[in-house]
Amino acid sequence: MELGDVKYAQYLQILREELIPAMGCTEPIAMAYAAAKARAVLGSMPDKIDIVISGNIIKNVKSVVVPNTGGMKGIAAAIAAGAAVGNEGRQLEVLADVKPEDIHKISEFLNACQMTVMKSDSGKLLDIDLHLYSGSDCVRLRICDYHTNIVLIERNGEILLKKDGGDDASSETDRSVLNVRDILDFAESVRIEDVSAMLEKQIEYNLAISEEGLRGDYGASIGKTLLETRGEDVRVRARAQAAAGSDARMSGCELPVVIVSGSGNQGMTASLPVIVYALDMHASHEQLLRALVVSNLITIHQKTPIGRLSAFCGAVSAGCGAAAGVAWLLEGTYEAVSQTITNTLGMISGTVCDGAKPSCATKIASAVEAGLLGFDLYENGKALHGGDGILKNDVEKTIESVGQLAREGMRETDEEILDIMLDE
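We now turn to the structure provided with this report. (Residues numbered from 1 in each chain as written. Predicted model: local features only at pLDDT ≥ 70, side-chain atom pairs only at ≥ 80, totals over all residues. Heavy atoms only, no water.)

1. So, the pattern of salt bridges
We apply this condition: Any carboxyl oxygen of Asp or Glu that lies within 4 Å of a side-chain nitrogen of Lys or Arg is treated as forming a salt bridge with it. Numbering of helices and strands starts at the N terminus; helices are DSSP runs of H or I of at least 4 residues and strands are runs of E of at least 2. Only protein chains enter the accessibility calculation, which uses a 1.4 Å probe. A residue is then buried if its area is under 20% of the maximum for its type, exposed if over 50%, and partly exposed in between.
Tallied over the entire structure, the rule returns 27 salt bridges. The residue Asp 376 makes a salt bridge to Arg 235 at a minimum N-O spacing of 2.6 Å. Placement of the pair is Asp 376 in helix H14 (residues 360–379) and Arg 235 in helix H9 (residues 234–250), with a sequence separation of 141 residues. Owing to a relative accessible area of 22%, Asp 376 belongs among the partly exposed residues under this scheme. Connected through shared salt-bridge partners, Glu 17, Glu 18, Glu 172, Arg 175 and Arg 308 make up one network.

Given below as structure tokens:
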């Protein structure tokens, strides 16, 4: 792919849009960001907040610790943290500047502010619609489709911001330009200085939180348990490092991660196994960076037809992306990468997302293992074939099939999962 090609610029811009830092699970952090931004527009601390959010936001906020809150969980904690102490200028790192001595302000705000939570009927999978009141003043702020996409700001009925084209307006680059063959072409031809800064940050941030997960006592300690019970073979370490990052992150670790497809868990899953394999095989640093281009873009490509949030576990897409990156490192061919993707998706496409929580680490470990098994099948001349279930004879058609399954076929599953989660 030539430097001057339109597609080269598009692929590079997609990486820039996707590989961004976030501290904490992105759904509660998006809520905190919305609350902080709305409070700044209001100009005073609200005494009442109406919170209208989609089911998938409820699902992914319910059970994770909001960082820098002293261990608080849930919707009210995320909103209170953003409104009371958030720095809206940091977007998905909105709570990164909170000092320990300021945490008490969150509890005080929770006690002082009346909050009402309602499920949105907009039909959008990612929808955060906040109404903040202070005396006679009111601010409405709405985020849709992706975590920082503010589509509406109103103050006392005056529209201060509204995205042209309605709620679906998005400034993101069209992801439909992605395909496996061109992803590999781009990864092999991209000027390394065009991608190095964002990939270096991904390596630094995601390794740091993974190591913290292995040191500390977070969640169910899936990463540590894997190493303690399965040994330290590269395959085990690839799973353990990815799981350990999720162990820490889902339990409130204040370290940031670099996300992919709007998800820190997917960002860690897509990158950490590739890093582990590259270090084990003594690959050059440039090879590692190019392999990360493969794993990140393959993950994004798979997730695009599914959507940011769904009943389909995003770790499956990211584990498959990681295995594709490993396949490229070890084999370097389109056949190895495409067959690894097909084999992986044929194994674990039915894994459901029942919200962000500490047990996400178990699904990450399983997804990485399935991806590596998919590559093993290729290396041993074995394959899952088109016509087996939802698999097609072309990798792009297989990705489309899985997207259709997740986006359309699992809509009712998504609603049922939410009903089960809220039935306590």
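Okay, back to it.
2. A few points about the packing of aromatic side chains
Stated formally: Under the pairing criterion, centres of Phe, Tyr and Trp rings, with the six-membered ring standing for Trp, must be within 6.5 Å; the plane angle then separates stacked pairs below 30 degrees from edge-to-face pairs above 60, leaving the rest tilted.
Per the stated rule, a full pass over the model turns up three aromatic pairs. Aromatic side chains Tyr 11 and Phe 186 sit 5.5 Å apart centroid to centroid with 65° between the ring planes, which places their arrangement in the edge-to-face category. One end of the pair, Tyr 11, is in helix H1 (residues 6–18); the other, Phe 186, is in helix H6 (residues 180–189), with 175 residues separating them in the sequence. For Tyr 11, a relative accessible area of 0% puts it in the buried group.

3. Some thoughts on the environment of Thr 413
Stated precisely, the cut-off is as follows: By definition in these notes, contact holds between two residues if any of their heavy atoms fall within 4.5 Å.
Along the chain, Thr 413 falls in helix H16 (residues 411–422). Considering only alpha carbons, one finds Thr 413 and Ile 306, 107 residues apart in sequence, at a separation of 14 Å. Non-local contacts of Thr 413, meaning those with residues more than four positions away in its chain, are made with Ala 311 and Val 352.

4. Let's talk about the pairing of strand S5 (residues 137–144)
Applied cut-off: Here, strands pair whenever DSSP counts at least two bridges between them.
Pairing between strand S4 (residues 127–134) and S5: eight bridges, direction antiparallel. Paired with Ile 128 across the bridge in S5 is Ile 143. Joining the antiparallel neighbours S4 and S5 is a turn of two residues, in which Gly 135 adopts a positive phi near 60°. Inspection of the sheet shows S5 paired to strand S6 (residues 150–155) by five bridges, in the antiparallel sense. Considered in S6, the bridge of Leu 141 is made with Ile 153.

5. Structural notes on the side chain of Ser 261
By the element assignment, Ser 261 lies in the loop between strand S8 (257–258) and helix H10 (264–280). Residue contacts for Ser 261: discarding those within four places in its chain leaves Glu 18, Gln 266, Thr 299, Ile 300, Lys 303 and Arg 308.

6. A few points about the nonpolar core
Rules: Definition used in this section: a nonpolar core is a set of buried Ala, Val, Leu, Ile, Met, Phe, Trp, Tyr and Cys residues joined via side-chain atoms within 4.5 Å.
Met 31, Leu 95, Ile 128, Phe 186, Leu 297 and Ile 341 are the most contacted members of the largest nonpolar core, which has 127 residues in total. Broken down by element, this core gets its largest block of residues, 10 residues, from helix H2 (residues 26–42). Setting aside its immediate chain neighbours within four residues, Phe 186 contacts Met 1, Tyr 8, Tyr 11, Leu 12, Leu 15, Val 293 and Leu 297. If you look at the next biggest cluster of nonpolar residues, it comprises seven residues, including Ile 222, Ala 240, Ala 243 and Ala 365.

7. Considering the state of the cysteines
Operational definition: To count as a disulfide, a pair of cysteine sulfur atoms needs to be within 2.5 Å.
In this structure the tally under the stated criterion is zero disulfides. Among the cysteines around Cys 25, which has no disulfide bond, Cys 360 carries the closest sulfur, lying 7.5 Å off.

8. Some words on the packing of H10 against helix H11 (residues 285–303)
Heads up, the condition is: What counts as an axis is a line fitted to C-alpha atoms, over the stretch in contact for a helix, and the angles between N-to-C directions run from 0 to 180 degrees. Oblique is the label for any angle not under 35 degrees, not over 145, and not in the 65 to 115 range, which are roughly parallel, roughly antiparallel and roughly perpendicular in turn. Crossing chirality is assigned from the near helix's rotation relative to the far helix, an anticlockwise turn below a right angle marking it left-handed and a clockwise turn marking it right-handed. Ten residues, namely Ala, Val, Leu, Ile, Met, Phe, Trp, Tyr, Cys and Pro, are considered nonpolar, four, namely Asp, Glu, Lys and Arg, are considered charged, and the remaining ones, Gly among them, are considered polar.
Following both chains from N to C, one finds H10 and H11 inclined at 150°, their axes separated by 9 Å at the closest point. By the angle between their directions, the pair H10 and H11 is classed as roughly antiparallel. When you trace H10 past H11, the crossing you get is right-handed. Listed contacts from H11 to Gln 266, Ala 270, Ser 271, Val 274, Ile 275 and Ala 278 of H10 are Leu 288, Ala 291, Leu 292, Ser 295, Asn 296, Thr 299 and Lys 303. A per-class count over the contact of H10 with H11 returns seven nonpolar, five polar and one charged.

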